[in-house]
Amino acid sequence: MEAKATFALHLRPNDVLAALEKATLVVNHDADDVGTALDQLCEWRNLEAHRDTTDVATVEEFYRPRYLYQLTAEGEAAERALSVFFETLEQPGELQVAALADIRQYLAELLNLAKSEAPDESVSHRVLHLLTTRFDQLTSRAQTFLRSLQRTIDLHGITVEAFLAYKQALIDYLERFIGELVIATHEIAERLNDIENRGIEKLLEAAACRDAVDALEHEKDTRLIESRRLWKARWAGFRSWFISDLGRQSQAEVLRGRARAAIPALLGAVARINDRRTTRSDRVADLQTLARWFAEAPSDRDIHRLWRAAFGLSPARHLCIDHQTLELREQKPTSPQTSWLQADPVRISPRVRQFGRHASKGPSRSVIDRTQAKELLAQMARDEAQMIAAAQRRLATGVRIRLSELHTLETSAELDLFLDVLGEALAAKTKSTHLVAAQSMDGALRIELEPVGDGVEAVIATSDGLLRGEDHYVTITNIFQTANDSLPEQGAPRP
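Residues numbered from 1 in each chain as written. Predicted model: local features only at pLDDT ≥ 70, side-chain atom pairs only at ≥ 80, totals over all residues. Heavy atoms only, no water.

*Asks:* What is the right way to read the packing of aromatic side chains from this model?
*Replies:* Describing an aromatic ring pair means giving the distance of the ring centres and the angle of the ring planes. Across all of its chains, the model carries 10 aromatic pairs by this definition. On the numbers, 5.3 Å between centres and 75° between planes, the contact of Phe85 with Phe86 is edge-to-face. For Phe85, a relative accessible area of 47% translates into the label partly exposed. Cluster of aromatic residues (ring-pair linked, three or more members): Phe135, Trp235, Phe238, Trp241 and Phe242. A cation over a ring is seen here: Arg234 above Trp231, with NZ or CZ 4.6 Å from the ring centre. (Phe/Tyr/Trp six-rings, centres within 6.5 Å; stacked < 30°, edge-to-face > 60°. Buried < 20%, exposed > 50% of the residue type's maximum accessible area, 1.4 Å probe, protein only. Lys NZ or Arg CZ within 6 Å of the ring centre and 35° of its normal.)

Quick look at the structure:
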């Protein structure tokens, strides 16, 4: 394979032996040993042998078998498969911020090509090929990284000290990628819509024609149809990765959610580590230590001693033997080597047999009265529910108003509710000039956001400061209240 990479078509046994000795793979081997190995590879159809008559000087040398060896198609395919296998297995997992920048650049080039009436086939094919290659690298590396991240959170194959040192760097890495992904997703979605509006079909057709340009005449139509189908599928997959549809989240949002969920999972893992360090007893650590002692025991006798010492599977000393059994043992002693299956039964105390356990005498434990604490928590929950209901009554009026007409948000509950629904609407927005509708996280409120377009800046006074932004028409509706109002009153005739 190395010789083929340097455009060498054939190798002699001496060339193979010299290369192996240079790579320190064999020591003190002669050409006969290498020839035997090459003959075996020929039997397996990895190589094919050709008679070598270039350096023949005598009749004896002509009749002596001398061969040139060349890779077969099957052998080259097997080597490439192994190379791809190890490359895929060992490739590092990454969240590639640079790949997002490259994708935006390639989309800008595609947008310029889409603006032309007859885009160049070679340029269109090159840009689309670079785009799909970079995108495939981004997705595969991200998937590998998330798998390795889950193993890191589970603390498989990593020490506690290494995990604690790695934790902060990993959280910073995730936060940086999440921030870049949010910005890049919005920009990429806008460019995708612009390209589709100007006609992505002509670019995909140009790329498909470029793929089929070297095909034979009788195969060109089949190749063209297959290329069209392949490029359309690639573009549809690329589009669904960054743009959400009804009832389906984009893959970028899913990746962002998994990256966000990894941060509290890491913090939870750190908390568990601290609990293990501060707690006197840790069952998992004890069992792991005990398993290591069993593995390091020098003999089966030591393993049995460790088993009896660790789990206490010795004679039942905690049970009370009655007097009759003790007298019987004195009259007829039983050897310690006697099996439990062959020994006489042990009669234990009727009290233990009747109740199943023997409770030690002593004062009963005091019971903590938590009535006041429960009442305090219930009152806090009622107060919070009243604040949320008051905020919903003020904001969820179902009336279309401008953001600048809100003027002020008096309580923190109103601010939290307003930021919740406003954030959901802005997250679902793909174009700055379109009307967008979204629901709050609990599904109780529906918000419709429509740009005003007059350049006015909305300023809303809150308990935490001033909230500024571009002015929009906003309509917030309580879905449950609307549904209840639409129901007929009890006893009223139904239409």
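*Asks:* Mind showing me how you'd approach the sheet that holds strand 4 (residues 436-439) here?
*Replies:* Consider a sheet: its strands pair through backbone hydrogen bonds, and that pairing is either parallel or antiparallel. As summarised here, the arrangement of the 4 strands in space is 3-8-5-4, forming an open sheet in which the pairing is antiparallel. Two strands in the sheet have a free side with no partner beyond their single neighbour: strand 3 (401-402) and strand 4. Pairing of strand 3 with strand 8 (residues 472-478), which is carried by 2 bridges, proceeds in the antiparallel orientation. Opposite Ile401, over in strand 8, you have Val474 as the bridge partner. Against the sheet, helix 17 (residues 412-427) touches strand 4, strand 5 (445-451) and strand 8, its axis set at about 60° to strand 5. (Pairing = 2+ DSSP bridges. Helix = DSSP H or I, 4+ residues; strand = E, 2+ residues; numbered from the N terminus. Contact = heavy atoms within 4.5 Å. Axes fitted to C-alpha atoms, helices over the stretch in contact; angles between N-to-C directions.)

*Asks:* Is there a simple way to think about the pattern of salt bridges in this case?
*Replies:* Working definition: two side chains of opposite charge can pair if their charged atoms are close together. Counted under the stated rule, the structure contains 13 salt bridges. Arg80 serves as the salt-bridge partner of Glu76, at 2.9 Å between the closest nitrogen and oxygen. With Glu76 and Arg80 both in helix 5 (residues 73-90) and 4 residues apart, the pair spans about one turn of that helix. Using a relative accessible area of 18% as the deciding quantity, one classes Glu76 as buried. The class for Arg80 is partly exposed, based on a relative accessible area of 46%. With a closest N to O distance of 3.9 Å, Asp302 and Arg305 form a salt bridge. Of this pair, Asp302 and Arg305 both sit in helix 13 (residues 300-311), 3 residues apart, roughly one helical turn. When its relative accessible area of 25% is taken as the criterion, Asp302 is described as partly exposed. Members of the salt-bridge network, linked through shared partners, are Lys4, Glu76 and Arg80. (Salt bridge = Lys/Arg side-chain N within 4 Å of Asp/Glu carboxyl O.)

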